Amino acid sequence: MSHHTDIAADGEITMELGEDFPELRDSVRRICERFPGEYWRALDERSGYPTEFVDALTEAGYLGALIPEEYGGSGLPLRAAAVILEEINANGCVASPAHAQMYIMGTLLRHGSEEQKQRYLPEIASGKLRLQAFGVTEPNTGSDTTQLKTRAERQGNSHYLINGQKVWTSRALHSDLMLLLARTTPLDQVTKRTDGLSVFLVDLREAKGNGVDIRPIKALINHNTTEIFIENLKVPVENLIGEEGKGFRYILDGMNAERILVASECVGDGRWLLKKGVAYANERRVFGRPIGQNQGIQFPLARAFAELEAADLMCRKAAAIFQAGRPCGTEANIAKLLASEATWKAADTTMQTFGGFGYAAEYDIERKWREVRLYQTAPISTNMVLAYVAQHVLGLPRSY
């Protein structure tokens, strides 16, 4: 049974349930078969970047899935991109080294000039250029983006001079380009604090060592995340995306897509973990019978399954509304909330089901357990999502 979204003439959105995009899923599965657990464990040990895996996804056209055909991409809907990421994680691989390119390029696609799109999108689609880094978060401002301190000052008609610091900027050492948010008008000179922020496309190939210093951060999981120090970086005026001062609105556009895609990754991780937990519950025998015959094992696995199914439906709904061009901020955030909590429940339940063996690296349970904990914190914390949803439910004014 297939799944697709139809938008009727009266604007009503309808969905059919089942395994959608089956050919796409089969293709992703075949790629993932080439990258078993040993591959990811080896990368973990040396904090390596999965170059071979990202190259395979690029060659298959998946990192250009959302780029329109006229720019060399596949022109697929957001739900198709979500399926790609979900299926990667559902097969034990890791989608995060590649996911950013899918939603970061949306800012360029929606708000860049035609010249910028013609210059960069075809090379991003072909894999000649990697756009994997998004410089937004700062050490002292966290999620309060409007308070960021990175400053970009225009120097005549030639360039901007940028100074500041970013943190938790993943994949910056493995990207050719970085999308950078900086303040172009001081906070005390704007009417709304969301004004005066601008988006720049930084060519990291030229900037490294010439105004940009990138330092890796050792972390609980291997996300190739970094801290970036920016000092007197010259960025050409033509690398400004859209209009100066409207960058906050531009990145908000991409955040709904990000939430939906990451939520789908969560569902994929949860399904991989649950599959492992169920298999072990049926195979492991204690006191003469499979441990899965005990309700203390059954019920947590059943609850994890139910919560993953609910999260999946919310992911599909949010993607359908996004594709219809309607406001979907609430749905995208709810999808992220439900999916992040469902996959964490699946991870913890599977870890408990495995008992001591869950801590052994060879089973990959502890690796996935560490990875899915991140979804409670990033790309937006659970409390921030709840605050957003509460504002919607209670009709409160937005805090940004």
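Small disclaimer: the values here were computed from a predicted structure and weren't measured.

Student: Help me out: how do you make sense of the overall build of the chain in this one?
Tutor: Tallying secondary structure elements over the chain gives twelve helices and twelve strands in all. Its C-alpha atoms give the chain a radius of gyration of 22 Å, within 12% of the compact-globule value 21 Å for 400 residues. Principal axes of the C-alpha set define a box for the chain whose edges measure 80 × 55 × 40 Å. By residue count, 53% of the 400 residues in the chain fall in the buried class.

Student: Could you clarify how one ought to interpret helix α5 (residues 96–111) in this entry?
Tutor: An α-helical turn contains 3.6 residues, so a residue and the one three or four places further along point in the same direction. Its 16 residues give α5 an end-to-end C-alpha distance of 24 Å, which sits within 8% of 22 Å, the value for a rise of 1.5 Å per residue. Judged by how many residues are buried, α5 sits mostly within the fold: 14 of 16 residues are covered.

Student: Is there a simple way to think about unusual backbone geometry in this case?
Tutor: Phi is mostly negative for residues that are not glycine, and the peptide bonds are mostly trans. In this structure, the amide linkage connecting Ala378 to the following residue, Pro379, adopts the cis form with an omega of 0°. Note that Pro379 resides in the loop between α11 (365–373) and α12 (382–394). For Phe21, which is not glycine, the phi dihedral falls at a positive 50°. Mapped onto the secondary structure, Phe21 falls in the loop between β2 (13–15) and α1 (22–32). Using a relative accessible area of 28% as the deciding quantity, one classes Phe21 as partly exposed.

Student: Honestly, the pattern of salt bridges in this entry has me stumped. Any pointers?
Tutor: Where side chains of opposite charge bring their charged atoms close, a pairing between them can arise. Under the definition given, this model contains 30 salt bridges. Residue Asp144 is joined to Arg193 by a salt bridge in which the shortest nitrogen-to-oxygen separation is 3.4 Å. Here Arg193 lies in the loop between β6 (177–183) and β7 (197–203) and Asp144 lies in the loop between β3 (131–135) and β4 (151–155), a separation of 49 residues in the sequence. Classification of Asp144 as partly exposed rests on a relative accessible area of 34%. When salt bridges with common partners are traced through the structure, they connect Glu19, Asp20, Arg25, Asp26, Arg29, Arg79, Glu86, Glu87, Arg271, Glu309, Asp312 and Arg316 into a single cluster.

Student: Sorry if this is basic, but what is going on with the pairing of β7 here?
Tutor: A regular strand carries its side chains on alternate faces of the sheet. Counting buried positions along β7 yields seven of seven residues, so the element is predominantly enclosed. On β7, burial covers both faces: Leu197, Val199, Leu201 and Asp203 on one face and Ser198, Phe200 and Val202 on the other are all buried. Across seven bridges, the pairing between β6 and β7 is antiparallel. Opposite Leu177, over in β7, you have Asp203 as the bridge partner. Here two bridges tie β7 to strand β10 (residues 240–241), and the two strands are oriented antiparallel to one another. Its bridge partner lying in β10, Val199 is registered against Ile241.

Student: Please explain the packing of aromatic side chains as it appears in this structure.
Tutor: A full pass over the atoms with the stated rule returns nine aromatic pairs. Between the aromatic rings of Trp40 and Phe53, the centroid separation amounts to 5.0 Å while the plane-to-plane angle is 80°, which identifies the pairing as edge-to-face. Taken as a pair, Trp40 in helix α2 (residues 37–46) and Phe53 in helix α3 (residues 51–59) lie far apart in primary sequence, 13 residues in all. An identical accessibility class is assigned to Trp40 and Phe53; each is buried. Each member of the aromatic cluster is reached from another via a ring pair, and the members are Phe35, Tyr39, Trp40 and Phe53. One residue, Lys368, lies across the ring of Trp272, its end atom 6.0 Å from the ring centre.

Student: What am I meant to see in the environment of Arg285 here?
Tutor: For Arg285, the location among the structural elements is in strand β11 (residues 285–286). Overall, the relative accessible area of 53% leaves Arg285 in the exposed class. With 99 residues separating them in the primary sequence, Arg285 and Pro186 have C-alpha atoms 65 Å apart. Of note is the side chain of Arg285, whose polar atom sits 2.6 Å from the backbone oxygen of Gly288.

Student: Quick question: what am I supposed to make of the nonpolar core here?
Tutor: Side chains of nonpolar character tend, in soluble globular proteins, to be buried together. One finds Phe53, Ile88 and Ile124 to be the most contacted residues of the largest nonpolar core, which totals 92 residues. Sort the elements by how many residues they give to this core and helix α8 (residues 247–283) lands first, with 16 residues. With residues near it in sequence (within four places) discarded, Ile88 still touches Val28, Cys32, Phe53, Leu57, Cys93, Val94 and Ala95. Grouped together as the second largest cluster of nonpolar side chains are 20 residues, Leu180, Ala207, Val235 and Val237 included.

What counts and what doesn't
Residues numbered from 1 in each chain as written. Predicted model: local features only at pLDDT ≥ 70, side-chain atom pairs only at ≥ 80, totals over all residues. Heavy atoms only, no water. Helix = DSSP H or I, 4+ residues; strand = E, 2+ residues; numbered from the N terminus. Rg over C-alpha atoms; globule rule 2.2 N^0.38 Å. Buried < 20%, exposed > 50% of the residue type's maximum accessible area, 1.4 Å probe, protein only. Expected span 1.5 Å × (residues − 1). Salt bridge = Lys/Arg side-chain N within 4 Å of Asp/Glu carboxyl O. Pairing = 2+ DSSP bridges. Phe/Tyr/Trp six-rings, centres within 6.5 Å; stacked < 30°, edge-to-face > 60°. Lys NZ or Arg CZ within 6 Å of the ring centre and 35° of its normal. Polar contact = N/O pair within 3.5 Å; in protein donor to acceptor, adjacent residues only side chain to side chain. Core = buried A, V, L, I, M, F, W, Y, C linked by side-chain atoms within 4.5 Å. Contact = heavy atoms within 4.5 Å.

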